[in-house]
Amino acid sequence: MRNLQDMDLSVDFCGVKFLNPFILASAPPTTTGSMIGRAFKAGWAGAVTKTLLIDASTITNVTPRLASLGLKGQAADAKINYALENIELVTDRDLALWLKEIEDLRKKFPDNVVIASIMDDASEPKGWQRLARQCEEAGAGMIELNMSCPHGMPERGMGSAIGQDLDLAQRVTNWVAEAVDIPVIAKMTPNVTDVGLVAKACVDAGANAISATNTVAAIVGVDLETLSPLPSVSGYSAQGGLSGPAIKPIALKAVASIAEATDVPISGIGGITTWEDAAEFILLGASTLQICTAVMMHGYSIIDNLLDGLGGFMKRKGFANISDMVGISLEKLVPLGELDTKTRRIAHIDNGTCIQCDACFISCRDGGYQAVTRGSDKVYRVTEKLCSGCALCMQVCPVSGCITMGPKS
Ligand SMILES: Cc1cc2nc3c(=O)[nH]c(=O)nc-3n(C[C@H](O)[C@H](O)[C@H](O)COP(=O)(O)O)c2cc1C
C-alpha cells in the first residue's frame, strides 16, 4: 500500500474490514467489474458497484449527460471548486453479468470489499429482496440502497422519490435488512429538509450504516446562444445531480447531522478530492469515504496521495488509527447561541504584503461596514470603531496572510 507514513489506516465498518477508508462511490468509475479490479490493484479498499436494477434493459442513457461549472478553460491546478452535473441513469448492464463479476472480484480480491448498490421501486419487496439476496450470494460484502438518485429514476418511483419519503425509506430498508445477513447501508439524498431525520428512520428500520450523500439536485446553467439548459440533449435538458468539490460543504453538514442523529457508522461522500477533504469528513463523523468525481477527473491513482496524506496527518496529530479520529470535531460544533460573543476581533491589514488591489476596500464599502479606508498613499487602514469583525475583507483578499483577524488594540 502507498501509505508511506507506515500508519494503520484500516477500518472496521459494520464488522467488515477495509484496508483503508477509501471506497469508489457508485458511479462511472465502477461501471464494470474489470474497472473495479484495476482500482483494487491501485489501492482502493472497496468499491460500490454502479447501481444495479432487476431489468437493466429499461435503461437508455442520453448523450451528452455531463456538464460542468468552473472546469472548462481552466488550468488543472485551478480546478479547485468546480461542480459537475450529470443526468446519467443507473447501470444499463445486465444483472447476471454483474453477479458473475461480483463473484470474480470476490475470488480475485478477497481483501477488498465489493458493495452492491441496488435500486427498485417501493411498491413491493420482491425486487429489492431478490437483488439483495443475489448480490449477497455472489459475494458482495455489503448492500447499499440507492434511495437518493435525484434525476430520471424518481420519475419511475425510485431513487430520491424513496429517500425523500420517510415511510418509503423505512419500508425499503426494512425489506432489505430482513432479506440478507450482510450489512445494509442506506444512501441519503441531500435534497431533504432534515437528513438526520431520514437517516434515523432508516436506522430504526434496520440499516447498519448510512452513506451521505448522493448528488445535489441542480441545473448547472443555460446555453445563452441556444437558450437550452445544460447539458443540452438535442436542444433540451432535464434537472440533474451536482457532484464534485462544490458540494463538499453540503455533504459535510449532512455527515455531521447524521452523526448527531444516529449511532451507526457513516460513509462520507461528496466532493472529496484531497486527503484534507477526507480528514475533514472523518473528523465530522465518517469512518469510510466514497469518491466519484475526483476519480473521473484524475483517475484511480489519486489513492496514492490520499493514503500518504491522510497517514501523514494522523501521524502529525497523534491519531493511532482512523477510529481515534472519527467525529472528534463534532464536540466543537455547537448551537450558534453558544458561541463566544465576548471576544471582539477586528481586521488587521499588512500593508507590507498588500498588492493594493482594492478588493477589501470595495467589499467593506459596499458589503460591509465602511471600516476599510484607502489613503492617497494607497495604504489601507481599518477604522477600529467601525470594523464589526465580520472577516469579509479577509475572504476577498487574494494574498494569503495579508489580512488577519485579531484583538482590538
Ligand atoms: C456520472 C455520475 C453517475 C452516478 N451514478 C450513480 C449511481 O448509479 N448510483 C449512485 O448511488 N450514485 C451515483 N452517482 C453519485 C455518486 O455516487 C456520489 O454520490 C456523488 O457523485 C457525490 O460524490 P462526488 O462528489 O465524489 O462525485 C453518480 C455520480 C455521477 C457524477
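Summary of the structure given here. Remember, predicted model here, so these are calculated numbers, not experimental data.

**Let's talk about the sheet that holds strand 4 (residues 46-48)**
Think of a sheet as strands paired side by side through backbone hydrogen bonds, with each pair either parallel or antiparallel. Read once around its circumference, the closed barrel built from eight strands follows the order 3-4-7-8-9-10-13-14, with strand pairing classed as parallel. Going from strand to strand, the sheet's axes swing by 25° on average, the running direction of each strand aside. Examined bridge by bridge, strand 7 (residues 113-118) and strand 8 (residues 142-146) share four bridges and lie parallel to one another. Note on strand 8: the bridge partner recorded for Ser117 is Glu144.

**Here we look at the nonpolar core**
Of all hydrophobic cores here, the largest spans 94 residues; its most connected members are Phe18, Phe22, Trp44, Ile143 and Met188. In this structure, Ile143 is in contact with Ile115, Ala116, Ile118, Ala132, Cys135, Val176, Val180, Ile182, Pro183, Val184 and Ile185, ignoring residues within four places of it in sequence. Counting residues in hydrophobic clusters, the runner-up holds 15 residues, among them Ile346, Phe361, Cys397 and Cys402.

**Observations regarding the sheet that holds strand 12 (residues 240-243)**
Spatially, four strands are ordered 5-6-12-11 in an open sheet, and the strand pairing comes out antiparallel. The open sheet has two edge strands, strand 5 (66-69) and strand 11 (216-218), and neither has a second partner. The sheet shows a mean angle of 35° between the axes of neighbouring strands, taken without regard to direction. Taken together, the four bridges between strand 5 and strand 6 (residues 83-86) define a ladder with antiparallel strand orientation. By the bridge assignment for strand 6, Leu66 is matched with Asn86.

**Section: helix 2 (residues 95-108)**
The first and last C-alpha atoms of helix 2 sit 20 Å apart over 14 residues, in line with the 20 Å expected at 1.5 Å per residue. Within helix 2, the full set of buried residues consists of Leu95, Trp98, Leu99, Glu101, Ile102 and Leu105. When helix 2 is viewed along its axis, its buried side chains cluster within an angular range of 165° and face the same direction. Summarising the geometry of helix 2, the exposed residues directed more than 90 degrees from the buried face are Ala96, Lys107 and Lys108. Of the surrounding secondary structure, the elements contacted by the buried residues of helix 2 are helix 1 (33-42), strand 7 and helix 3 (125-138).

Rules of the game
Residues numbered from 1 in each chain as written. Predicted model: local features only at pLDDT ≥ 70, side-chain atom pairs only at ≥ 80, totals over all residues. Heavy atoms only, no water. Pairing = 2+ DSSP bridges. Helix = DSSP H or I, 4+ residues; strand = E, 2+ residues; numbered from the N terminus. Axes fitted to C-alpha atoms, helices over the stretch in contact; angles between N-to-C directions. Core = buried A, V, L, I, M, F, W, Y, C linked by side-chain atoms within 4.5 Å. Buried < 20%, exposed > 50% of the residue type's maximum accessible area, 1.4 Å probe, protein only. Contact = heavy atoms within 4.5 Å. Expected span 1.5 Å × (residues − 1). Arc of directions from axis to C-beta.

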